[in-house]
Amino acid sequence: MDTKQSAGTKELKDYVISIPDFPEPGIIFRDVTSIIQDADGLALAVDQLREMVKDVDYDIIAGPESRGFIFGVPVAYAEHKGFVPVRKKGKLPRETVSASYELEYGTAEVEIHKDAIQPGQKVVIVDDLMATGGTIEAIAGLIEQLGGQVVKICFVMELAGLCGRKRLEKYDVSSAIIYEGK
């Protein structure tokens, strides 16, 4: 994918600020907020996500809070699709389905409204970062439990060293930026 902006030669990765030794020594934190606080960076990220889905037949976009909302909603708007929010347990007001998944130090739980995905709907999942793939694996499972079909998963950034693609190998996965490390 061409990551050049027509107005210049800045690539999406040029908007990412990398912070060494955060949250612990040896880790390089890739800060997505430096993309979204810059109008050109945000536009470039949304444009690249839209490019990832341009030839995909889908009905709706889903994304986890909070950064999946930040990137998924503008893509949904631009493509004239609905958006399904995936939230932490206890944050949605209607009947939900939920899934637990493993974190590095414990577990977490996400949920979506039980009526958010209709049987047969084709769903694109959008998020900011793929690390281990656990969150998106749980979300894909919820979509499939409701009868939906995950047809594409799109990320702004991917930390390839954490092997998230292995967990998501049965899906079509794309990332705008791939960092080889963790």
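Described below are features of the structure shown in this document.

The rules we used
- Residues numbered from 1 in each chain as written.
- Predicted model: local features only at pLDDT ≥ 70, side-chain atom pairs only at ≥ 80, totals over all residues.
- Heavy atoms only, no water.
- Helix = DSSP H or I, 4+ residues; strand = E, 2+ residues; numbered from the N terminus.
- Rg over C-alpha atoms; globule rule 2.2 N^0.38 Å.
- Buried < 20%, exposed > 50% of the residue type's maximum accessible area, 1.4 Å probe, protein only.
- Contact = heavy atoms within 4.5 Å.
- Areas by Shrake-Rupley, 256 points an atom, 1.4 Å probe, with all protein chains shown as cover.
- Lys, Arg positive; Asp, Glu negative; His and termini not counted.
- Charge placed at Lys NZ, Arg CZ, Asp CG, Glu CD.
- Axes fitted to C-alpha atoms, helices over the stretch in contact; angles between N-to-C directions.
- Left-handed = near helix turned anticlockwise from the far one by under 90°.
- Nonpolar A, V, L, I, M, F, W, Y, C, P; charged D, E, K, R; others polar.
- Pairing = 2+ DSSP bridges.
- Right-handed = clockwise from strand over helix to strand, strands pointing away.

### Thoughts on the overall build of the protein chain
Along the protein chain, the regular secondary structure elements total five helices and nine strands. For 182 residues, the compact-globule estimate of 2.2 N^0.38 gives 16 Å, and the C-alpha radius of gyration of the protein chain, at 16 Å, lies within 12% of that figure. Expressed along its principal axes, the backbone C-alpha trace of the protein chain runs to roughly 45 × 40 × 30 Å. By the burial criterion, 43% of the 182 residues in the protein chain qualify as buried. For the protein chain, the proportion of contacts with a sequence separation of at least 24, taken over those separated by at least 6, is 55%. Element-wise, carbon and sulfur atoms account for 49% of the exposed surface of the protein chain, whose accessible area totals about 9,500 Å². Charged side chains of the protein chain number 21 positive and 29 negative; the gap between the two group centres comes to 2 Å.

### Details of the packing of helix H2 (residues 39-53) against helix H3 (residues 67-79)
If you want to describe how two helices pack, look at the angle between their axes and the distance between the axes. Contact geometry of H2 with H3 gives a least axis separation of 9 Å together with a crossing angle of 65°. Between H2 and H3 lies a crossing whose hand is right-handed. Side by side, H2 and H3 meet where Leu42, Ala45, Val46, Leu49 and Arg50 of the first sit next to Phe71, Pro74, Val75, Ala78 and Glu79 of the second. Within the contact of H2 with H3, the residues separate by chemical class into eight nonpolar, no polar and two charged.

### Considering the sheet that holds strand S3 (residues 60-64)
Strands sit in the order S5-S6-S4-S3-S7-S8-S9 across an open sheet of seven strands; the sheet is mixed. If you trace the sheet from one side to the other, it starts and ends with strand S5 (96-103) and strand S9 (173-179), each paired once. Averaged over all adjacent pairs, the angle separating strand axes in this sheet is 20°, with direction ignored. Those strands touched by H2 are strand S7 (122-130), strand S8 (149-159) and S9, and its axis lies near 145° from that of S8.

### As for unusual backbone geometry
The omega torsion across Phe22 and Pro23 is 5°, close enough to zero to call that bond cis. You can see Pro23 is positioned in the loop between strand S1 (17-20) and strand S2 (28-31). Note that the residue after Glu65, namely Ser66, is joined by a cis bond; omega there is -5°. The backbone of Asp21 sits at a positive phi, close to 60°, despite the residue not being glycine. Mapped onto the fold, Asp21 is located in the loop between S1 and S2. Phi at His80 is positive, roughly 55°, even though this residue is not glycine.

### What to know about the pairing of S8
Of all the eleven residues making up S8, ten are buried; the element is thus mostly covered by neighbouring parts of the structure. The sheet contact formed by S7 and S8 spans eight bridges and is parallel. Following the sheet pairing, Val126 is matched in S8 by Cys154. Following the chain from S7 across helix H4 (residues 134-145) to the adjacent parallel S8, one finds a crossover that is right-handed. Looking at chain direction, S8 and S9 are connected through six bridges and run parallel.

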